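# Structural features, examined
Here are the chains, one letter per residue:
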Amino acid sequence: MCGICGIATTGGAVDPARLAAMSETLVHRGPDSEGSFVDGGVGLAARRLAIIDLQTGDQPIGNEDGRIQVVQNGELYNYRELRHDLERAGHTFATHCDTEVLVHLYEEHGLDFAERLRGMFAVALWDGPQRRLVLARDRYGIKPLYYREVDGELAFASELRALPRGAIDPDAVEAFLAFNCIPAPLTIFRETRKLPPGHVLSWQAGRHELTRFARPAPVSADEVRHEDEAELIEELRARLRDSVRAHLVADVPVGVLLSGGIDSATLTALAAAESTEPVRTFSIGFEERSFDELADARLVAEQYGTRHEELVLRPDAALLLPALAEAFDEPFADSSALPTYLVSKLAAEHVKVALSGEGGDELFGGYYTYTADMLATRYGALAGFARPLVERLPSSSAKASFDYKAKRFVRAAHLPPLERHHAWKEIFSADARAELTGRHSDFDPIDLLRTRFAETEGAELLTRLQDVDLGIYLVDDLLAKTDRASMAHSLEARVPFLDPFVTNFALALPTEQKVQGLRKKVLLRKAVAPLVPAPLLRRRKRGFSIPAAAWLRGELEPFARDTLSSDTLRRQGFFDPGAVRRILEDHVSGKEDLSRQLWGLLAFTLWHERHVENAPRETSVARALA
């Protein structure tokens, strides 16, 4: 695991001091060593978190004659098999690390090299003879990679903080208000873009081409698997076991981020079966009972004799929210980033690598929205009759409360499938965004979802909606959250559910093996029943979130009022103070749960203070929404 960055320019030689300054901003991603390579108008740099081949794996790494150089952020789980094949083809290796495989694989296959990789990665490769820079990002978007191309120069980095800033993109703000995160290819800055998952970027002589090398997708409706359920269960267990075994490969200790849910419990069980020593597990809990999962996590830890560490979280906004704004260098407002940040800090005190359960819900049908999707196809027309009564329900501060879910359902059940699926998760609607910003945008963030949805025509409806989540929500919310929160503490987070051995299987399952009525993760629950404590299989999904609604009606209310003061909002120039005040009052009074909206406004305001108002003098920020 590393932080990588670099520059390719047609305007003369790269300044080593500038490259070093970029690398320094990424030291938290790789505190163990640093390295750089400069060849005229190209420079590569890496900060290394040593996981495999601790002695000789420093980057950049070259091929036999040094004319091809590579830096990588991530891990390749099939590097041993690839190395064996490459050695048989005549290539000579100087290290035992996975990164060196990349230069030789590129020599053999050119721009098609990324298709053969099993793992999580963001790669930058310099082909000296061709004078070509190549960037690649793994097919699931586990590892981030940003690039900025201006005036014949392309700069890239693992995080935005290493790149020049520039004007704020109004479309990105619009998307943030809709999703509480900013989906690829957008970033908060107009001239900078995220490399989309499964893509390769090739730059030569000041011009770049972008191509997709992989697109995990559901099979068509007539190709779904209908084998005997017992066979599917056995195959799923075997595939999960294989993936966990591959993800445990390291020359340092590996732990598990144990939330108390089925996914992380499964990873703990399978890791314990593969380990000769007790597995290290780490959990975060809350004082609010409806959010606390420590008791469930302890059941798993006790069953498998893990070395378990836990922490009870209390709201300390003055410290925690600014810390999140520092760790996330573009606006990000999934409130579960807070416990993820803290459990990563806890884990990093004991291990350098931890397994995490991202992807299980999107692949196997774990969200309430999926049951709502199925119910709406049958009963959506009746929701309109129930809406007046449902809207009168008082707002609760409990997690996933009945009133919150019921109101979301009746407000959107009449919409077309994709639009209602989004509406159940939407933060600010188009009308609410216009009221908040005073601006009616021609850009519709939902078009990003529509484009993804259109690519899977012919597959079953639920699988298509899952695929939208897999390609956008998972990538730009959950995986971004896990990457930034873990790397802020120099911890490598690995996600075994996002492995071709698992995803190819899940993407071929029929709807009834994922959701049946109110039952979720149908096949997965049956497959892991022998592995996890029975109470976890019976209880409702809670998710790794915080009691934000209660906190913002209690301990965090003064902090929210101060952070979202009229003076601050006018100074920043993005949000109407009156509209923000109404949102805050409606939430605090209990009229409605608007905690996700408030958390988003807090996140944006704190991000702006840290990364724009306190940025270097030469930074240009456009008040694009004023």
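Before going into details, it helps to say that this report is about the structure given with it. (Residues numbered from 1 in each chain as written. Predicted model: local features only at pLDDT ≥ 70, side-chain atom pairs only at ≥ 80, totals over all residues. Heavy atoms only, no water.)

### A few points about the pattern of salt bridges
A full pass over the atoms with the stated rule returns 50 salt bridges. R148 is paired through a salt bridge with E191; the nearest N and O atoms lie 2.6 Å apart. In this pair, R148 sits in strand β8 (residues 146–150) while E191 sits in the loop between α4 (170–179) and β10 (192–194), placing the two residues 43 residues apart along the sequence. You can call R148 buried: its relative accessible area is 14%. Accessibility expressed as a relative area gives 40% for E191, which makes it partly exposed. Note that R280 is salt-bridged to E309, the shortest N-O span being 3.7 Å. Note that R280 is positioned in strand β14 (residues 280–286) and E309 in strand β15 (residues 307–313), a separation of 29 residues in sequence. (Salt bridge = Lys/Arg side-chain N within 4 Å of Asp/Glu carboxyl O. Helix = DSSP H or I, 4+ residues; strand = E, 2+ residues; numbered from the N terminus. Buried < 20%, exposed > 50% of the residue type's maximum accessible area, 1.4 Å probe, protein only.)

### As for the pairing of strand β5 (residues 68–76)
The element β5 is extensively covered by neighbouring structure, given that nine of its nine residues are classed as buried. With two bridges joining them, strand β4 (residues 61–62) and β5 adopt antiparallel strand pairing. Pairing of I61 across the sheet is with V70, part of β5. Counting the residues in the hairpin turn of β4 and β5 gives five residues, including G66, whose phi is positive at 80 degrees. Here β5 pairs with strand β6 (residues 119–127) via nine bridges, running antiparallel. Across the sheet, residue I68 finds its bridge partner in β6, namely D127. (Pairing = 2+ DSSP bridges.)

### Observations regarding the sheet that holds strand β2 (residues 33–39)
Each strand in a sheet pairs with its neighbour through backbone hydrogen bonds, running either in the same direction (parallel) or in the opposite one (antiparallel). With antiparallel pairing, six strands are arranged side by side in an open sheet as β2-β3-β1-β9-β8-β10. Looking at the sheet topology across the chains shown, the edges are occupied by β2 and β10. This sheet shows a mean twist of 15 degrees between the axes of neighbouring strands, independent of strand direction. Two strands pair when backbone bridges link them, and strand β1 (residues 2–9) and strand β3 (residues 42–48) are joined in this way by seven bridges, in the antiparallel orientation. If you follow I7 over to β3, its bridge partner there is G43. (Axes fitted to C-alpha atoms, helices over the stretch in contact; angles between N-to-C directions.)

### Concerning the packing of aromatic side chains
For the structure on display, the rule yields 12 aromatic pairs. Judged by centre distance (4.7 Å) and plane angle (10 degrees), the ring pair of F328 and F332 falls under stacked. Taking relative accessible area as the criterion, F328 reaches 6% and is therefore assigned buried. For the ring pair F364 and F497, a centre distance of 6.4 Å and an interplane angle of 70 degrees mean the geometry is edge-to-face. Placement of the pair is F364 in helix α10 (residues 360–364) and F497 in the loop between β17 (492–494) and α17 (500–506), with a sequence separation of 133 residues. For the pair formed by F364 and F497, the shared burial category is buried. Note that R118 overlies the ring of F501, its terminal NZ or CZ placed 3.9 Å from the centroid. (Phe/Tyr/Trp six-rings, centres within 6.5 Å; stacked < 30°, edge-to-face > 60°. Lys NZ or Arg CZ within 6 Å of the ring centre and 35° of its normal.)

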